[in-house]
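# Architecture at a glance
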Amino acid sequence: MESFADVRLATARLVLRPLVPADAAALFAVFSDRRVMRYWSSAPWATPETAVELIAADREALAAGRHLRLGIVGRAEGALLGTCSLFNLSGQCRRAEVGYGLGPEAWGQGYAVEAVGELLRFGFADLDLNRVEADVDPRNTASIHCLERLGFAREGLLRERWIVAGEVTDSVIYGLLRRQWQDRT
Ligand SMILES: CC(C)(COP(=O)(O)OP(=O)(O)OC[C@H]1O[C@@H](n2cnc3c(N)ncnc32)[C@H](O)[C@@H]1OP(=O)(O)O)[C@@H](O)C(=O)NCCC(=O)NCCS
């Protein structure tokens, strides 16, 4: 895989760019929030070091083209609002999984659709992906609306796929194929 270290994407209201050490406090604020992590695949972050470590690990993963996580930054105020990612990349199958999360003060303004829409454009047009998939808790209405708005199709239910902090949860798998994405653009 090619390096993602210099990937920088932009939309009308947002810039998507790799995380930098100065993002640590804002990143921790987002992912230590119980509301953000209610349906996430891990518990809320407990210590600020988790943010510092993730940013350091991302640097390597981006350079190696293993994982593309980008900070979502508001153009107007320059604040880090959250992140979006393409991960579990398969070069042979030209497939990736998508993930995203925003701090609650940024919810409900169309930012997720705007950011993830641009990330998908990059994935299909620049990385030549054929399929992007998402694994969502069936109770995560906001995320499901977001995926459906972006053109993803519901493909199936995987029962009791996650156990997070003792809670056993199901996954709904959503998929978006390149040809369906092209038909929409
Ligand atoms: C999921 C999440 C990223 C959505 O972010 P957002 O910026 O508020 O989403 P958008 O404003 O782009 O809205 C997308 C669509 O979902 C709808 N929506 C948003 N929040 C909703 C909610 N709580 N209930 C129902 N619909 C909702 C919006 O109305 C919009 O649909 P529309 O365009 O048809 O009106 C945000 O809620 C979040 O960060 N949640 C916590 C982390 C998480 O669960 N991530 C996903 C893991 S799979």
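Structure first, text after, so check above.
Residues numbered from 1 in each chain as written. Predicted model: local features only at pLDDT ≥ 70, side-chain atom pairs only at ≥ 80, totals over all residues. Heavy atoms only, no water.

## Things to note about the site of the ligand
Heads up, the condition is: If a single non-hydrogen atom of a residue is within 4 Å of a molecule or strand, that residue counts as near it. Definition of a polar contact: a pair of N or O atoms within 3.5 Å, with one able to donate and the other able to accept a hydrogen when the atoms are protein atoms, and with sequence-neighbouring residues admitted only if both atoms are side-chain atoms. Under the scheme used here, helices are H or I runs from DSSP no shorter than 4 residues and strands are E runs no shorter than 2 residues, and both carry numbers assigned from the N terminus. When residue character is reported, Ala, Val, Leu, Ile, Met, Phe, Trp, Tyr, Cys and Pro are called nonpolar, Asp, Glu, Lys and Arg charged, and the others, Gly included, polar.
Around the ligand there are 20 residues in total, and Tyr-100, Gly-108, Gly-110, Asn-140 and Arg-149 lie nearest to it. Contact distances for the ligand include 3.2 Å between an oxygen atom and a side-chain N or O atom of Trp-107. In the environment of the ligand, an oxygen atom lies 3.5 Å from a nitrogen or oxygen atom belonging to the backbone of Gln-109. At the level of secondary structure, the elements contributing two or more residues to the shell around the ligand comprise strand S5 (95-102), helix H3 (111-126) and helix H4 (141-149). In terms of residue count, the dominant contributor to the shell around the ligand is H4 (six residues). When grouped by side-chain class, the residues that make up the shell around the ligand number ten nonpolar, eight polar and two charged.

## What about the pairing of strand S3 (residues 68-74)?
In plain terms, the rule: With a 1.4 Å probe rolled over the protein chains alone, any residue whose accessible area is under 20% of its type maximum counts as buried; one over 50% counts as exposed, and the rest are partly exposed. Any two strands with at least two DSSP bridges between them are considered paired.
The element S3 is largely enclosed, with a buried count of seven among its seven residues. What you see with S3 is no split at all: Leu-68, Leu-70, Ile-72 and Gly-74 on one side and Arg-69, Gly-71 and Val-73 on the other are buried throughout. The sheet contact formed by strand S2 (residues 14-17) and S3 spans four bridges and is antiparallel. Note that in S3 the partner of Leu-14 across the bridge is Gly-74. Sheet analysis places S3 next to strand S4 (residues 80-90), joined by six bridges and oriented antiparallel.

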